[in-house]
Each structure stands twice: as structure tokens, then as C-alpha cells.
Amino acid sequence: MQKTIAVIRGDGIGPEIVDQALQVLNRIGTLYGHEFTYADVDMGGSAIDKWGDPLPPEMLQTCLDSDSVLFGAVGGPKWNHVPGSMRPEKGLLRLRAGMEVYSNNRPAKIWPQLASASPLKPEIVEKGIDFIIVRELTGGIYFGRHDTVAENGEAVAIDQLRYSESEIRRIGRIGFETARKRSKRLCSVEKSNVLDSSRLWKKVMHQLSEEYPDVALTDMLVDNCAMQIVKDPSQFDVIVTENMFGDILSDEASMITGSIGMIPSSSLGDSSRGLYEPIHGSAPDIAGRDIANPIGTILAAAMMLRYSFDMPREADCIESAVSAVLSQGYRTADILPPDAAGCTLTGCRDMGRLIIDNLKKG
Ligand code: IPM
Ligand code: MG
């Protein structure tokens, strides 16, 4: 098969981790007879430096013309002074909106080899951590009106949180469909004791649940959910929630699995073209030192093969190679146990190379 992938290296550690993922994809192409061609896209701080715009229109067009997009990370202190509408992160938000990828899937699964890297007590980890956060990605407070105005002699900042029924319904359906393929339990997370948008969210979820009688729907307030994720994560299977709650809860969920550096994500809309990225940021403090963990990005590439290119064997092949390397004891700094017992500290490039060495056609 021939596929064109738009590649956004971005800022900070983005270029290093994306390069490892591309090498993994190249090897998969050789093993399984696929041809992946890459179209470079500038986005974020590097695009601001080069083009004065975090996502120039022609860059978005390259993404829309591709079969899928692989993205590293954007942002960094260098661009902290630029106005909100031109920040590096704005490029990512425009990309998500432009691609209409409203459904963001963030798995929180503990690799058995990394159980000791979880900050939770072993007796909690042993009960199992394997859930998915389905995060609404193109609505809510991220995309409402943003403004800073003067009122009574002081600045007042406004961020509008809005959701329409149709926006809630389409992400709700993804939540139910995802739960249907797993243990048929869906937890809808909101703040309906305070927010109108959450009361509408809850109402739409319950309307939808009549179409999915085989899925058990529960409601949970977001503050309680944040607590339950550390108290007993084994209770969750699929969580569906709005944009900002999903942003916050997915960082929390990733940490209990050992490291945010391990977690990939897929963002999809109504077409097969998706946006695939690790959920971590650009980590400018460790950029260029060959110590970042490329696994989240490599697993994001695997998700691309599985969900956008219908290549499940190829995706399995990558995931098995990651598992093998972890079993062999190789660890980047973020997942190295404090006593490093039985483990070998590995840099970003070496981790990529080890995963490639372990790719075995199944
Ligand atoms: C994420 C990130 C982004 C978000 C930032 C970089 C805009 O934190 O993908 O979780 O808030 O969605
Ligand atoms: Mg985030």
C-alpha cells in the first residue's frame, strides 16, 4: 500500500521523537511491502519563526491532502511573549479544527514491565489499569470566544465554554461505540452541579444511552473522577468527556501508568484521516539531549496504522517490539526505576534503534 503522511516535527523534543517514529515506519514499510511517503509540515514555534504564523494555510492544506498526520509536540518558553492568537499551541488547535478531528482517544494502560514506575501503591496497580479517555477535541472552552477587556479600570479575561447538542451527540456516540467494543461500561464525566454545558452534556448522554441498551452508562463529576483515577483506576473502562476535562484527566491518567512519555493518542473525525501524536508536550528543558522517550510517538504511529490505514498486523508488530524492548530492561530516563535494578538507561535514538531491531513480521 502507498500512503502519504504529513509529518509535523514541531518544537522542543518533537523532532527527535518523530524521527524515531519515522524510522520505525520505514522498517515496517520494508517488512510488509508498504510505501510511506512523508510531507513535511511546519507548525508551532518553528513555524512562527519561519513564517510568522503557527500554522500557515498551505501547511494545513498539506495535512488535509495527506492520508494522515503524525505530530510530535509544539511550544516552549521562547514563544511565551507572543499574543494568544499566535501562540504555537494555536497552530495545533487550528489543525484539530481544520481536520475536524473531534474525537480524541487517549489510552491509559499500564505495561506490566513498568508497574513499578507507577506512583500508585502496588495493591492499587495490581487491580489493573486499562481504560480509555474519549476526549471531545474541537469544541468547548478551547474554541469559545477569548477576550481580555478593560472593566472598572482593570483587565478582565473571558474564555467562553460552549457546546451544542450536536457536538455532544457525535462525541457521545464515539464513547458508546468504544465501550461497546470493550467491556460495555461508559462513564460520562462532567460538572453538571455547576455548568449549563455539563447539564446539556448529561442530558444528551442519557438520550443516547437509549440507543445503546447494551452499554451501562454512569455519570461522574469531574472533581470526583480526578480523585477516583488515583483511588481505584480499575473501575474505569471508557470515559467520555469534554475538551478541557479530558486534557486534564488524561495527564493524570498517563502518570499513573508510569510516564506521560509512553502514551499515544489518535484524533479522528468522520473520515479515516487522523491526527496521531503522543500526549506529552515539547519538554524544552530536555530538547536536543537525546534523552526523551520516543515510545509515545512510536505507539502513535502504530495507532495510525491500525485506525487510519487498516494495518492491524503492522500495528501489532510495533506494539510487540515495544513490549520486547521493555522486557529486555531498556528504559529511557523517565521510566527508569529509582534503583535502576535490572535496567539499562537508554537514550532516545538507541530506544528507537532497539525497537526497530525487535520488529518481527508476525
Ligand atoms: C494536549 C496538549 C494540548 C491541549 C496543548 C498543547 C494545546 O496539552 O494535547 O493535551 O491542551 O490540548
Ligand atoms: Mg494536555
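Further up the page is the structure itself.
All figures in this text were calculated on a predicted structure; none of them were measured in a lab.

(A) Expanded view of the overall build of the protein. Scanning the protein for helices and strands turns up 12 helices and 14 strands. Taken over the C-alpha atoms alone, the protein extends approximately 60 × 50 × 45 Å along its principal axes. Counting contacts in the protein only where the partners sit at least 6 residues apart, residues at least 24 apart contribute 75% of the total. In the protein, the 38 positive side-chain charges and the 49 negative ones have mean positions that sit 3 Å from each other.

(B) Spotlight on the sheet that holds strand 2 (residues 35–40). The 10 strands are arranged 2-1-3-12-11-4-5-10-8-9 in an open sheet whose pairing can be described as mixed. Because the sheet does not close on itself, it has two edges, and the strands there are strand 2 and strand 9 (216–221). The average angle at which neighbouring strand axes cross in this sheet is 25°, direction not considered. With three bridges joining them, strand 4 (residues 103–109) and strand 11 (residues 264–268) adopt antiparallel strand pairing. Within strand 11, the residue paired with Ser103 across the bridge is Leu268. Of the strands in this sheet, strand 1 (2–10), strand 3 (68–73), strand 4, strand 5 (130–136) and strand 12 (275–278) touch helix 4 (residues 88–99), which is tilted by about 150° from strand 12. In the packing of helix 7 (residues 196–209) onto the sheet, contacts are made with strand 5, strand 8 (185–190), strand 9 and strand 10 (238–241), and the angle to strand 8 comes to roughly 160°.

(C) Just the pattern of salt bridges, in detail. Following the criterion strictly, the structure yields 22 salt bridges and no others. Here Arg182 and Asp130 are joined by a salt bridge, their closest N and O atoms 3.4 Å apart. Linking Arg182 in the loop between helix 6 (165–180) and strand 8 with Asp130 in strand 5, this pair joins segments that are 52 residues apart in sequence. Residue classification places Arg182 among the partly exposed positions, given a relative accessible area of 28%. With its nearest N and O atoms 3.7 Å apart, the salt bridge here joins Arg169 to Glu165.

(D) Representation of the site of ligand 1 within the structure. The immediate surroundings of ligand 1 are formed by Glu89, Arg96, Arg106, Arg135, Tyr142 and Asp247. Interatomic distance of 2.8 Å between a side-chain N/O atom of Arg106 and an oxygen atom of ligand 1. The separation between an oxygen atom of ligand 1 and a polar side-chain atom of Arg135 is 2.8 Å. In isolation ligand 1 exposes 320 Å². Once the protein is present, 78% of that is buried. Partitioned by chemical class, the residues of the shell around ligand 1 number one nonpolar, no polar and five charged.

(E) Examining helix 3 (residues 57–64) more closely. By the burial criterion, the buried members of helix 3 are Met59, Leu60 and Cys63. Mapping the buried residues of helix 3 onto a view down its axis gives an arc of 100°, with all of them on the same face. Buried residues in helix 3 make contact with strand 1, helix 2 (45–51), strand 3 and helix 4.

Cut-offs and rules
- Residues numbered from 1 in each chain as written.
- Chains lettered and ligands numbered in written order.
- Predicted model: local features only at pLDDT ≥ 70, side-chain atom pairs only at ≥ 80, totals over all residues.
- Heavy atoms only, no water.
- Helix = DSSP H or I, 4+ residues; strand = E, 2+ residues; numbered from the N terminus.
- Contact = heavy atoms within 4.5 Å.
- Lys, Arg positive; Asp, Glu negative; His and termini not counted.
- Charge placed at Lys NZ, Arg CZ, Asp CG, Glu CD.
- Pairing = 2+ DSSP bridges.
- Axes fitted to C-alpha atoms, helices over the stretch in contact; angles between N-to-C directions.
- Salt bridge = Lys/Arg side-chain N within 4 Å of Asp/Glu carboxyl O.
- Buried < 20%, exposed > 50% of the residue type's maximum accessible area, 1.4 Å probe, protein only.
- Near = heavy atom within 4 Å.
- Polar contact = N/O pair within 3.5 Å; in protein donor to acceptor, adjacent residues only side chain to side chain.
- Areas by Shrake-Rupley, 256 points an atom, 1.4 Å probe, with all protein chains shown as cover.
- Nonpolar A, V, L, I, M, F, W, Y, C, P; charged D, E, K, R; others polar.
- Arc of directions from axis to C-beta.

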